[in-house]
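Now for the letters of each chain:
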Amino acid sequence: MTRHDDSILRTKFAERLCHWAVVLCFFLAAVSGISWFFPTVSWMSGLLGTPQLARLLHPFLGIAVFAGLCYMFARFVGYNLPARTDAIWFRRIRDVLMNRHGGEPLRIGKYNAGQKVLFWLIMASILVLLVSGLVMWRAYFAEYFPIVVLRLAILAHAVAGIGLILLILGHIYLALWVRGSITGMVTGYVSRAWARQHHDRWHGELEAKQASARGGEQ
Ligand code: HEM
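Residues numbered from 1 in each chain as written. Predicted model: local features only at pLDDT ≥ 70, side-chain atom pairs only at ≥ 80, totals over all residues. Heavy atoms only, no water.

1. Describing the overall build of the chain
For step 1, the next point in the chain: Counting its regular elements, the chain contains nine helices and two strands.
For step 2, the next point in the chain: Long-range pairs, those at least 24 residues apart, make up 68% of the contacts in the chain between residues at least 6 apart in sequence.
For step 3, the next point in the chain: Carbon and sulfur atoms make up 69% of the accessible area of the chain, which totals about 13500 Å².
For step 4, the next point in the chain: The average position of the 22 basic charges and that of the 11 acidic charges among the side chains of the chain differ by 6 Å. (Helix = DSSP H or I, 4+ residues; strand = E, 2+ residues; numbered from the N terminus. Contact = heavy atoms within 4.5 Å. Areas by Shrake-Rupley, 256 points an atom, 1.4 Å probe, with all protein chains shown as cover. Lys, Arg positive; Asp, Glu negative; His and termini not counted. Charge placed at Lys NZ, Arg CZ, Asp CG, Glu CD.)

2. Quick look at the coordination of the iron atom of the ligand
For step 1, the next point in the chain: Taken together, the protein ligands of the iron atom of the ligand are His19 (NE2) and His171 (NE2), with distances of 2.0 Å.
For step 2, the next point in the chain: By relative accessible area, which is 32% here, histidine 171 ends up partly exposed. (Donors = N, O, S within 2.8 Å, 3.2 Å for Na, K, Ca; no water. Buried < 20%, exposed > 50% of the residue type's maximum accessible area, 1.4 Å probe, protein only.)

3. Things to note about unusual backbone geometry
For step 1, the next point in the chain: In this structure, asparagine 99 is a non-glycine residue whose phi angle is positive, near 60°.
For step 2, the next point in the chain: By the secondary structure assignment, asparagine 99 is in the loop between helix 4 (93-97) and helix 5 (113-135).
For step 3, the next point in the chain: Residue class for asparagine 99 comes out partly exposed when judged on its relative accessible area of 46%.
For step 4, the next point in the chain: Here arginine 107, not a glycine, exhibits a phi torsion of approximately 55°, which is positive.
For step 5, the next point in the chain: Structurally, arginine 107 can be placed in the loop between helix 4 and helix 5.

4. Focus: the site of the ligand
For step 1, the next point in the chain: Taken together, 20 residues form the shell around the ligand, and within it Arg10, His19, Asn80, Gln115 and His171 come nearest.
For step 2, the next point in the chain: Histidine 19 places a side-chain nitrogen or oxygen 2.8 Å from a nitrogen atom of the ligand.
For step 3, the next point in the chain: Within the side chain of asparagine 80, an N or O atom sits 2.8 Å from an oxygen atom of the ligand.
For step 4, the next point in the chain: When residues of the shell around the ligand are assigned to their parent elements, the largest contribution, five residues, is made by helix 1 (residues 13-37). (Near = heavy atom within 4 Å. Polar contact = N/O pair within 3.5 Å; in protein donor to acceptor, adjacent residues only side chain to side chain.)

5. Re the packing of helix 5 against helix 6 (residues 147-177)
For step 1, the next point in the chain: Taken N-terminus to C-terminus, the directions of helix 5 and helix 6 make an angle of 150°; their axes are 8 Å apart at the nearest point. Considering the angle they form, helix 5 stands roughly antiparallel to helix 6. Relative to helix 6, the crossing made by helix 5 is left-handed. For the pair helix 5 and helix 6, the contacting residues are Leu118, Leu121, Ile122, Ser125, Ile126, Val128, Leu129, Ser132, Gly133 and Val135 in the first and Val149, Leu150, Ala153, Ala156, His157, Ala160, Gly161, Leu164, Leu167, Ile168 and His171 in the second.
For step 2, the next point in the chain: Of the residues in the contact of helix 5 with helix 6, the class split is 15 nonpolar, six polar and no charged. (Axes fitted to C-alpha atoms, helices over the stretch in contact; angles between N-to-C directions. Parallel < 35°, antiparallel > 145°, perpendicular 65-115°, else oblique. Left-handed = near helix turned anticlockwise from the far one by under 90°. Nonpolar A, V, L, I, M, F, W, Y, C, P; charged D, E, K, R; others polar.)

6. Things to note about the layout of surface pockets
For step 1, the next point in the chain: Roughly 1100 Å³ of internal volume is contained in the second largest pocket.
For step 2, the next point in the chain: Lining the second largest pocket are 36 residues, and of these Trp36, Arg55, His58, Met136 and His157 lie nearest its centre.
For step 3, the next point in the chain: When contributions to the lining of the second largest pocket are tallied by element, the ones reaching two or more residues are helix 1, helix 2 (51-76), helix 5 and helix 6.
For step 4, the next point in the chain: When residues in the lining of the second largest pocket are grouped by element, the largest group, nine residues, is from helix 2.
For step 5, the next point in the chain: Considered class by class, the residues forming the lining of the second largest pocket number 28 nonpolar, six polar and two charged. (1 Å grid on protein atoms, 1.4 Å probe; cavity = no way out; pocket = protein on both sides within 12 Å on 5 of 7 lines; lining within 4 Å. Points joined across faces, edges and corners; volume = space filled by probe spheres on them.)

Structure representation (structure tokens):
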């Protein structure tokens, strides 16, 4: 569990690899999607080589994001289920945002209530993107659907796509704002002080587990 006394493993190697692969595929898929949605930035579809190549690759990149998020869902869903203590985080949101620590413990598990909400919104958006994307995929499936279904799929795809991009911008902002969390997603490790400050209940549970493991050894 620990690398040396002061650090705690927060995210395993396979989970980190998957997260950063999702980031790369999401970025390329989002850039090509935006380039078709807003004509003023149509030049951005050149990022994938040529606009034709972008059209070809976009759906496959989207499927790769979906597959990566399926793995992350399986790994992280247990930590993102609602908990009674999430109410404290919402109630004390001002203190959280002002970085005011002290007073009543926030009792935050591995992920805080805001991260949990984001987690479920990301998962819901990718599901809508996948289903609507398959329906409108001209090369394979679009011909099997009536025009009204295609129009609805295009609308749902645009709304979910822009929604997910906005959610990810929020996610990046929060990751930058909580110093040490990006290092955690890169190296896998966070300091004990970081864990105690941002995820006190998770830190306490790890300490208790380690203490009982030490007790068992004696
Ligand atoms: C430059 C872009 C990104 C950065 C800097 C970033 C950063 C991070 C960090 C630091 C964490 C760990 C938070 C913690 O340990 O408390 C995290 C978790 C996560 N990220 Fe990202 N991320 C980025 C893009 C994305 C994208 C594009 C997606 C999905 C489409 C995504 C999905 C997730 C998920 C599902 C988690 C787990 C959170 C949870 O289970 O509640 N991230 N990210």
